[in-house]
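Below are the chains, spelled out letter by letter.
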Amino acid sequence: MARERRMVPDATPMSYYGQPILKPPTWKWPIAAYLFTGGLAAGTSLVGAAARLHGDRRLAGAASAATMSAIGVSAGFLIEDLGRRSRFHHMLRVVKITSPMSVGTWIFSIFSSLAGASAVAEIGEKVGVPARVARPVTAVGQVGSALVGPALATYTAVLLADTAVPAWHEARRDLPWVFAGSATASGGAMGILLSTLAPLDPSDGFASGPRRMAVVGAALEVGADEAMHRRLRAVATGDTDKPDIGAAYTSGSPRVLAGAARAASVTGAATVALAGRRDRPRTRLLAAAGALLVLAGAALERFAIFHAGKASTTDPVYTVGPQRLRLVPPARRP
């Protein structure tokens, strides 16, 4: 049966007086930085817990300090964007399961408490606290923070996707995977950098753990990011001559940031993989250089997603297009 020819073209989505339909997010750059440092803290906690379980106390201690440093910086970024410290405190007065912000605040607080207990006990053992007291606290805090880490790494993706911002909301299926891969890659990269402070023991079963985390995490991050872009390009606006939501990620500053993020992640992961696990000065420097690229890629990816979301609120096409398409039966979509 011949398809009916459209006699009247779709109207171009417009808004009153050319003003955006949605208000741009009020979040500033500290939130984009928080997205990265929170994922870094979560990934590094996994490195520390795995190292402790494998008996590598040196790497476990260094990872514990790095985790606490990252979560401390994250708290600073979060409070800076909130404007007043009391606003974060007020979020802890209630527990609202249906609110990603409320759940995220509790996840952040629990993770911070466990990571802090581990770091304090680690320091306490060095200044004279009996090992039989300090070590159990250190182990419980480090393993506990590692268990909460995946939730810390991905709740921010749920928080972004729960908004009306088109570039974030339409990417709700893929954003958690992008953030999980980014956090894993960041943690592995930090583990590599911490391992360069002292020679690795080839007989240690976890000697190559951070490198594997960096490579696997970067692969997951890049793969999920590509899947997200493909899915967003498929969310057309109902007319082929109008841009899809994926254009928010492929134009302006988000395009530059996303391209740089992908290049850094791929190059860094390849460099880490080529360095292998042999403990030689040259290979350690090569792995450290790759780790820095992986960290840069993870940070740039978070900033690209952040700015793409802001850009998607400025054009009515990104808001009206997906809504219009959902009203059309799948069989009649162009």
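Everything numeric in this text was worked out from a predicted model, so none of it was measured.

1. Points about empty space enclosed by the protein
Then, in step 1: Overall, the coordinates contain four cavities of 30 Å³ or more when judged by the stated rule.
Then, in step 2: The computed volume of the largest cavity comes to approximately 40 Å³.
Then, in step 3: In terms of lining, the largest cavity is formed by T44, S45, G48, A63, S64, T67, A115, S118, Q142 and S145.
Then, in step 4: For the lining of the largest cavity, the secondary structure elements donating two or more residues are α1 (29-53), α2 (57-82), α4 (100-126) and α5 (131-161).
Then, in step 5: Tallied by class, the residues present in the lining of the largest cavity amount to two nonpolar, eight polar and no charged.

2. Overview of the nonpolar core
Then, in step 1: Residues L152, L160, W168, L175, F179, Y249 and I305 are the most contacted members of the largest nonpolar core, which totals 65 residues.
Then, in step 2: The element best represented in this core is α1, accounting for 11 residues.
Then, in step 3: Setting aside anything within four residues of it in sequence, one finds L160 in contact with W27, L35, W168, L175, F179 and I305.

3. With respect to the side chain of T37
Then, in step 1: Examined against the element boundaries, T37 turns out to sit in helix α1.
Then, in step 2: Those residues in contact with T37 that lie beyond four places of it in its chain are A70, V73, S74 and F77.

4. Section: a nonpolar patch on the surface
Then, in step 1: A grouping of V95, I97, W106 and I110 is seen on the molecular surface, where their side chains present a nonpolar patch of about 400 Å² in accessible area.
Then, in step 2: The topology assignment puts I97 in the loop between α3 (85-91) and α4.

5. With respect to the side chain of R302
Then, in step 1: With respect to the secondary-structure elements, R302 resides in helix α10 (residues 281-312).
Then, in step 2: Look past the residues within four positions of R302 in its chain and what remains in contact with it is A32, L35, F36, G39, F179, S182 and A183.

Conventions we followed
Residues numbered from 1 in each chain as written. Predicted model: local features only at pLDDT ≥ 70, side-chain atom pairs only at ≥ 80, totals over all residues. Heavy atoms only, no water. 1 Å grid on protein atoms, 1.4 Å probe; cavity = no way out; pocket = protein on both sides within 12 Å on 5 of 7 lines; lining within 4 Å. Points joined across faces, edges and corners; volume = space filled by probe spheres on them. Helix = DSSP H or I, 4+ residues; strand = E, 2+ residues; numbered from the N terminus. Nonpolar A, V, L, I, M, F, W, Y, C, P; charged D, E, K, R; others polar. Core = buried A, V, L, I, M, F, W, Y, C linked by side-chain atoms within 4.5 Å. Buried < 20%, exposed > 50% of the residue type's maximum accessible area, 1.4 Å probe, protein only. Contact = heavy atoms within 4.5 Å. Patch = residues over 30% accessible without salt bridge, like charges linked within 9 Å, V, L, I, M, F, W, Y side chains within 5 Å. Areas by Shrake-Rupley, 256 points an atom, 1.4 Å probe, with all protein chains shown as cover. Salt bridge = Lys/Arg side-chain N within 4 Å of Asp/Glu carboxyl O.

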